[in-house]
Amino acid sequence: MPSTKPYVLIVFYSRHGATADMARHIALGVEMSGVDALVRTVPDISSNCEASEARVPAKGAVYCSQQELANCAGLILGSPSHFGNMAAPLKYFIDNSSSNWMSGALIGKPAAVFSSSSSLHGGQETTLVSMMLPLLHHGMLISGLPYSATELLHTTSGGTPYGVTHWAGKDSDNPLDANEIALCKYQGQRIGHLAKKLSD
């Protein structure tokens, strides 16, 4: 269970580990702002109706609950790019957030998005936008990355003003480079600072 202190919730889906690695660096940025970071993932989904995931994952971040979503002071969503869209497991989680939409639990809270793709032009920006749309329906305040994050001017891999991105490579084995790591931390700090201001 999260503490009663305000926290920024980082919810992601990661198949090969790149998005999970980004989430860890974003969490460091959140904590650099003086706000707690709560890192959560979502379970895989299957076309086999009989298949189900274990209630607690064997390793890595634990699964996010709708209650943790409702209680966050800020939210950062992350997904690999699947045909220019967010991954189905993350969309499934968001599609089940109707109770939070009806109660208005997320209205006025800051939010950001992040993504990774195997090819450099593999739909990163449209994936970011696909995650923004339901957050706008929830009444959240979307925050991008301003060019005061000067790494945006120098990156040759991931990084956009819509949210931090990562170029994972065709075998998903490219590590995050220095610019991508800096942008992850910057994005976490930015949402942490906004969450503090808006909570006050």
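For the structure itself, look to the data block above.
Nothing here was measured: the structure is a model prediction, and the numbers come from that model. All residue numbers refer to position in the chain's written sequence, counted from 1. Only residues with pLDDT of at least 70 are given local features in this predicted model, and only at 80 or more are side-chain atom pairs given and counted; all residues enter the totals for whole chains, interfaces and linings. Neither water nor hydrogens contribute to the side-chain values; these are computed over all heavy atoms in the structure.

Before we go on, may I ask you to explain the nonpolar core in this structure?
Ranked by internal contacts, the top residues of the largest apolar core, which has 25 residues, are V8, I10, I26, V30, I76, F114 and V164. Segments assigned H or I by DSSP are reported as helices when at least four residues long, segments assigned E as strands when at least two residues long, and all are numbered from the N terminus. Those elements that provide at least two residues to this core are β1 (7-12), α1 (18-32), β4 (110-117) and α7 (178-199). Ranked by residue count, the leading element in this core is α1, at six residues. Judged by nonpolar contacts, the second largest core, of 24 residues, contains L9, F93, L106 and L128. Side-chain atoms within 4.5 Å link the members of a nonpolar core, which is a set of buried Ala, Val, Leu, Ile, Met, Phe, Trp, Tyr and Cys residues. Relative accessibility under 20% of the residue-type maximum defines a buried residue, over 50% an exposed one, and the middle range a partly exposed one, all with a 1.4 Å probe and only protein chains included.

Help me understand the layout of surface pockets in this model?
The calculated volume of the second largest pocket comes to roughly 260 Å³. Each cavity reported here is a set of points on a 1 Å grid over the protein atoms alone in which a 1.4 Å probe fits but cannot get out, each pocket an open set with protein on both sides within 12 Å along at least five of seven lines, and each lining residue one with an atom within 4 Å of a point. Forming the walls of the second largest pocket are 17 residues, and the residues nearest its centre are H16, P80, S117, S118 and S172. Here the residues of the lining of the second largest pocket sort into three nonpolar, 12 polar and two charged. Grid points are joined across faces, edges and corners, and a volume is the space filled by probe spheres set on the points. When residue character is reported, Ala, Val, Leu, Ile, Met, Phe, Trp, Tyr, Cys and Pro are called nonpolar, Asp, Glu, Lys and Arg charged, and the others, Gly included, polar.

Can you help me understand the environment of V30 in this one?
Structurally, V30 can be placed in helix α1. On the accessibility criterion, V30 (0% relative accessible area) is buried. Distance in space between the C-alpha atoms of V30 and H193 is 8.0 Å, their sequence separation being 163 residues. In this view, V30 contacts V8, I10, V35, D36, A37, I76, G188 and Q189; residues no more than four positions away in its chain are not counted. Here, residues are in contact when the closest pair of their heavy atoms is within 4.5 Å.

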